[in-house]
Amino acid sequence: MGRRGFTTRQVHERAPGATPTARATPIYLTAGFEFDDYDDAAAPFGRGEGFAYTRVGNPTIEAAEHTLAALEGGSQALLLASGQAATTVALLALVEAGGHIVSSTHIYEGTRGLLRDNIARLGVQATFVDAIDDVDAWEEAIRPETRALFAESISNATNRLLDIPAVAAVARRHGIPLVIDNTFATPYLLRPIELGADIVVHSASKFLAGHGSVLGGAIVDSGRFDAARSGALFPHLVAPGRGPGGAPAPSIAERAGGDARIAYARESVALRFGPTPSPLNAFLIAQGIETLSLRVERQSANALAVAQWLKTRPEVASVDYVGLDSHPDHALALRDLPDGFGSVFTFTLHGGAQAARRFVEALGVFTHMTHLGDVRSLILHPASTSHALLTEQERAALGVAPGTLRVSIGIEDAADLIADLDGAAAAVGARVGAGDELVIVA
Ligand SMILES: *Cc1c(COP(=O)(O)O)cnc(C)c1O
C-alpha cells in the first residue's frame, strides 16, 4: 500500500501501544476506548465490562474512585464533576417525584438551594431540621414518602457536628439511607460509614484535591442496601432490568446486591444526566488525596491554634470552632474527631460589617476568596457573599451575623497566620465599649 495522505497520517500515525507500568496513575485523557476485537464491543454495553466511553467509565477516574472508597471505608465510589453534582446524583438515585427528603438546616448554601428550588421543581419536597442534635426531630420529620436523610458531618457555618450513630439508627428503623456530606471532616478525621451512615458525598474540590486547582465531587456507598428490607421504598432498584433485545434481565439489586444504590447512580443517573469529571481532574484529585492526612493534620493543628488565639481577642465576639470547649458540640467532637477538629470555622467581630471589611482588607497572608480546604488560608465574609441572598433573620438563624467571617486554615506556619490576624485586628481599630460594643476608631 502506498504512503497515506498527509491528513490521514496526521490523525492515524502513532507508536504501537506499549503498556509500561507507570508509578503514577496514567491520565487516560480520552473520550473513548478502542474495542480490541469485534466481539469485545458488546461487553461494555451488555455486561458493563471493560471501557468504551469516558462517561461510562475511565481507568483514571476508576483509580480515584477505588482510593476514595477505601479511605471512606465504603464499598464503591463514584467520582463526579463537582460536589454539587455528587449531591444531586446521590439524591436523584434515591428519590422520584412525590418523594421527600429530610435535611439538616445547617448545610452548604448550594445544597440548601438545590433542595429548596431545584429538586423541589421535580416534585420532591424537603423538610429542614433546625435542632439537629434532637433525634426526635429527625424521627418526626419522616413521612411515608421520605427516601433520604441528609446532613453534613461538620456543618457550614457554625461547625455543628451531627451525632451520626444516633441519626443513622433513625434512618435504619425506616429503611432509608442517611446521606452525609463529609467535605469539612474528610475521611482522615471522620468516616461516616463506619459510624452507621449509608452514603457519603464530597466536594473533592476542597480538602481531597487540596491544591484548589480543580472541581470534583464523589459519592461513596456503604454497599449495605438491603433489598428485602427497603426494596418496596426503592422500586427502581428491584424492578426487572432490560437485557439484550429487550429480554428480561435481573434487577439492579439482583445484579449488584448491596451496591444497588451506587450502581443505579453510576449506570443510570450519572450516565444520563452526564456530570462526568475530566480524567485530568480525576488525576489531580488522586494526587491530592495522597497527602490528605498530612495536610489535614497540620490544618487542624493550625486551626486550633488560631481559634484559641481569636478567642482571647477583645475585637472578637465569638468563635464557632468545634475544637474549643465553648462550642456546644465539643463533647461530641471529643468522641468522634480524635485526630483533629477540622480547619473551617467562623468567628464574629464586634463592630459588624464595617469591622469585617477592615479586617479582611488588612490581611496579607490570608487569601480573600470563596473556597475552602486549600493548602493556603482563606477568608470570606458570608453575609455579603455566600449568604447575601438571605434575609438578615435567615442569616442569623444560620449563625451568620454582619461581623461574621469564615476562615479555612491552611498549612502555613501558625505564627505567620496569627501575626497576619493580629495586624488585621489592630486595623479594625478596636476599642471595646462598656456595653460589649466595638467602637471603631476612625
Ligand atoms: C463546596 C461544597 C459543596 C459543593 O461542592 P462544589 O465542588 O463546589 O460543587 C458541597 N458541600 C460542601 C460542604 C461544600 O463545602
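Residues numbered from 1 in each chain as written. Predicted model: local features only at pLDDT ≥ 70, side-chain atom pairs only at ≥ 80, totals over all residues. Heavy atoms only, no water.

Enumeration according to the criterion identifies 19 salt bridges in this entry. The closest approach of N and O atoms between arginine 160 and aspartate 329, which form a salt bridge, is 2.7 Å. One end of the pair, arginine 160, is in the loop between strand S4 (146-152) and helix H7 (164-174); the other, aspartate 329, is in the loop between strand S10 (316-320) and helix H15 (330-336), and 169 residues separate them in sequence. Residue classification places arginine 160 among the buried positions, given a relative accessible area of 14%. A salt bridge links arginine 298 to aspartate 413; the nearest nitrogen and oxygen atoms lie 3.7 Å apart. Of the two residues, arginine 298 is situated in helix H14 (residues 292-311) and aspartate 413 in the loop between strand S14 (404-408) and helix H18 (414-427); the sequence distance between them amounts to 115 residues. The structure contains a network of salt bridges with shared partners spanning Asp133, Arg160 and Asp329. (Salt bridge = Lys/Arg side-chain N within 4 Å of Asp/Glu carboxyl O. Helix = DSSP H or I, 4+ residues; strand = E, 2+ residues; numbered from the N terminus. Buried < 20%, exposed > 50% of the residue type's maximum accessible area, 1.4 Å probe, protein only.)

This part covers empty space enclosed by the protein. This model, assessed by the stated rule, comprises three cavities of 30 Å³ or more. In this model, the largest cavity occupies a volume close to 50 Å³. Of all the secondary structure elements, the ones that give two or more residues to the lining of the largest cavity are strand S7 (217-221) and helix H12 (260-273). For the lining of the largest cavity, the residue count by class is seven nonpolar, no polar and two charged. Counted as a void, the second largest cavity has a volume near 40 Å³. Taken together, Thr105, His106, Ile107, Glu109, Asn156, Ala157, His387 and Leu398 make up the full set of residues lining the second largest cavity. (1 Å grid on protein atoms, 1.4 Å probe; cavity = no way out; pocket = protein on both sides within 12 Å on 5 of 7 lines; lining within 4 Å. Points joined across faces, edges and corners; volume = space filled by probe spheres on them. Nonpolar A, V, L, I, M, F, W, Y, C, P; charged D, E, K, R; others polar.)

Of all residues adjacent to the ligand, which total 13 residues, the nearest are Gly83, Asp181, Ser203, Ser205 and Lys206. Between an oxygen atom of the ligand and a side-chain N or O atom of serine 205, the distance comes to 2.6 Å. The fraction of the free accessible surface of the ligand (390 Å²) that becomes covered by protein chains is 93%. A per-class count over the shell around the ligand returns three nonpolar, seven polar and three charged. (Near = heavy atom within 4 Å. Polar contact = N/O pair within 3.5 Å; in protein donor to acceptor, adjacent residues only side chain to side chain. Areas by Shrake-Rupley, 256 points an atom, 1.4 Å probe, with all protein chains shown as cover.)

Take the domain arrangement of the protein next. We note that the domain assignment places domain 1 (38-289) and domain 2 (292-441) within the protein. Between domain 1 and domain 2, the C-alpha centre-to-centre distance is 31 Å. Counting from both sides, the interface comprises 32 residues of domain 1 and, opposite them, 39 residues of domain 2. For the pair domain 1 and domain 2, the summed buried area comes to about 3,000 Å², and 60% of that belongs to carbon and sulfur atoms. Interface area lost by domain 1 to domain 2 is led by Tyr188, Leu189 and Phe207, which between them contribute 25%. Where domain 1 touches domain 2, the interface holds two salt bridges. Summed over the shared surface of domain 1 and domain 2, the result is 16 residue pairs in polar contact (both at pLDDT 80 or more). Looking at the side of domain 1 that touches domain 2 element by element, the count peaks at four residues for helix H8 (residues 186-189). Across the side of domain 1 that touches domain 2, the residue classes tally to 15 nonpolar, twelve polar and five charged. (Domains from an automatic or database assignment. Contact = heavy atoms within 4.5 Å. Buried area = accessible area lost by both parts, 1.4 Å probe.)

Sheet architecture is open: five strands sit in the order S10-S11-S14-S13-S12, paired in mixed fashion. If you trace the sheet from one side to the other, it starts and ends with S10 and strand S12 (367-368), each paired once. For strand S11 (residues 344-349) and S14, the ladder comprises five bridges, and the chain directions are antiparallel. By the bridge assignment for S14, threonine 346 is matched with arginine 406. Against the sheet, helix H16 (residues 352-362) makes contact with S11, S12, strand S13 (378-380) and S14, and its axis sits at roughly 120° relative to S11, the strand it touches most. (Pairing = 2+ DSSP bridges. Axes fitted to C-alpha atoms, helices over the stretch in contact; angles between N-to-C directions.)

Right, let's get into the sheet that holds strand S3 (residues 125-129). Strand pairing in a sheet relies on backbone hydrogen bonds, with the paired strands running either antiparallel or parallel. Taken together, the seven strands give an open sheet; going across it, the order is S1-S7-S6-S5-S4-S2-S3, and neighbouring strands pair in mixed fashion. Two strands bound the open sheet, and with one partner strand each, they are strand S1 (76-80) and S3. Neighbouring strand axes in the sheet, compared pairwise and without regard to direction, differ in orientation by 20° on average. Bridge count for strand S2 (residues 100-104) against S4 is four bridges, and the pairing is parallel. The partner of isoleucine 101 across the bridge, within S4, is alanine 148. Along the sheet, helix H3 (residues 59-72) contacts S1, strand S6 (199-203) and S7; its crossing angle with S1, the most-contacted strand, is approximately 130°.

Quick look at the side chain of asparagine 302 now. Mapped onto the fold, asparagine 302 is located in helix H14. For asparagine 302, the contacting residues outside a window of four places in its chain are Ile409, Gly410, Ile411, Glu412, Ala414 and Leu417.

Attention now goes to unusual backbone geometry. In this structure, the amide linkage connecting asparagine 156 to the following residue, alanine 157, adopts the cis form with an omega of 5°. Its identity as a non-glycine residue notwithstanding, asparagine 159 has a phi of 65°, on the positive side. Among the secondary structure elements, asparagine 159 is positioned in the loop between S4 and H7. Here asparagine 159 falls in the buried class, since its relative accessible area comes to 1%. A positive phi is found at threonine 186, a non-glycine position, where the angle reads about 65°. Looking at threonine 186, the relative accessible area reads 1%, which means it is buried.

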